[in-house]
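Each chain, written out:
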Amino acid sequence: MARELTDDAGPGDNQPTAPQRIGVFGGTFDPPHIGHFATAVNVAAELDLDQMLLVVANSPWQKLGTRPITPAEDRYAMVAAGAALFELVEASRIELDRGGETYSADTLEELRELHPTAELFLVVGSDAADGLDTWKRPDVVRELATIVVVDRAGREGGVPPQGWNYVKVDTPRLEVSSSDLRRRAEVGDPLDVLIPAAVIDVIRGRSLYRRHD
Ligand code: ATP
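The rules behind each value
Residues numbered from 1 in each chain as written. Predicted model: local features only at pLDDT ≥ 70, side-chain atom pairs only at ≥ 80, totals over all residues. Heavy atoms only, no water. Pairing = 2+ DSSP bridges. Helix = DSSP H or I, 4+ residues; strand = E, 2+ residues; numbered from the N terminus. Axes fitted to C-alpha atoms, helices over the stretch in contact; angles between N-to-C directions. Contact = heavy atoms within 4.5 Å. Near = heavy atom within 4 Å. Polar contact = N/O pair within 3.5 Å; in protein donor to acceptor, adjacent residues only side chain to side chain. Areas by Shrake-Rupley, 256 points an atom, 1.4 Å probe, with all protein chains shown as cover. 1 Å grid on protein atoms, 1.4 Å probe; cavity = no way out; pocket = protein on both sides within 12 Å on 5 of 7 lines; lining within 4 Å. Sits in = over half its atoms within 2 Å of the grid points. Salt bridge = Lys/Arg side-chain N within 4 Å of Asp/Glu carboxyl O. Buried < 20%, exposed > 50% of the residue type's maximum accessible area, 1.4 Å probe, protein only.

Draft legend 1. Just the sheet that holds strand β1 (residues 21-27), in detail. Spatial strand order, β3-β2-β1-β4-β5-β6: six strands in an open sheet with parallel pairing. For this open sheet the edge positions go to β3 (89-92) and β6 (166-169), each flanked by a neighbour on one side alone. Strand-to-strand, the axes of this sheet are offset by a mean angle of 30 degrees, without reference to chain direction. In terms of strand pairing, β1 meets strand β2 (residues 51-56) through six bridges, oriented parallel. The residue of β2 that forms the bridge with V24 is L53. Set on the sheet, helix α3 (residues 72-83) makes contact with β2 and β3; between it and β3 the angle comes to about 170 degrees. Contacts between helix α5 (residues 104-114) and the sheet are confined to β1, β2, β4 (119-125) and β5 (145-150), with β4 contributing the most and set at about 155 degrees to the helix.

Draft legend 2. Spatial organisation of the site of the ligand. The local shell around the ligand holds 20 residues, among which T28, K63, D127, R152 and S179 are the closest. Between an oxygen atom of the ligand and a side-chain N or O atom of H36, the distance comes to 3.3 Å. One nitrogen or oxygen atom from the side chain of S179 is found 2.4 Å from an oxygen atom belonging to the ligand. Surface burial for the ligand is 90%, taken as the share of its 610 Å² of free accessible area covered by protein chains. A molecule is said to occupy a pocket when more than half its atoms come within 2 Å of that pocket's grid points, and by this definition the ligand occupies the largest pocket.

Draft legend 3. Summary view of the pattern of salt bridges. Inspection of the entire model under this criterion finds 15 salt bridges. E73 serves as the salt-bridge partner of R93, at 2.8 Å between the closest nitrogen and oxygen. With R93 in the loop between β3 and α4 (94-98) and E73 in helix α3, this residue pair connects regions lying 20 residues apart in the sequence. A relative accessible area of 28% places R93 in the partly exposed class. Owing to a relative accessible area of 42%, E73 belongs among the partly exposed residues under this scheme. Between D106 and K136 there is a salt bridge, and its shortest N-O distance comes to 3.8 Å. On the criterion of sequence distance, the pair formed by D106 in helix α5 and K136 in the loop between α6 (126-129) and α7 (138-144) is long-range, its members being 30 residues apart. The structure contains a network of salt bridges with shared partners spanning D106, E109, K136 and R137.

In structure tokens form, the structure reads like this:
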């Protein structure tokens, strides 16, 4: 009975509280790898986030026409399998459910509506930071989120253009890229360690990144 008294102290006591500091890390994630997950985990810890969303791009405008992109649902399944391994990290299908081309401004607006009181932190790699002004509706992005710049191995130093507020977070620089991993998968080189085993299971289960000849 004593247990009941303490555990059932009153209505609402066990309700999850709404996340107030939300990280938004968008990408194609084709495939997701340790560079992505290590970044997510370390930014979440460094900025004391309540949640770090890995937002899977439905149709990444920056990459369209440059190469075939793995179907969004397959990329989401890989990200979800990886995210499940790490506390606070979550796969988000907000851009898949919206459909169409993917723009961070739209995503931030949608997150702002879903979480009106939360602070949003948009993570961008140093390779992308200096191009923020070229994104669709950059003013919306600037207004709704604090930009978090993380250095990517070999592409260090990029920062947002003048007028953007940002914080820099030092993360482990892991020289891994999705392009290299796709190449490895195609020629049958090992993906182990570079991609979490749970994600490799999804790749195998869905026969992704196989050479078609
Ligand atoms: P590709 O090699 O196919 O161009 P990518 O890894 O550059 O892929 P995304 O999957 O879209 O592209 O990356 C999502 C985000 O993750 C981007 O902001 C990118 O800068 C960042 N990122 C990618 N690889 C790393 C890494 N090794 N370390 C830290 N950040 C990374």
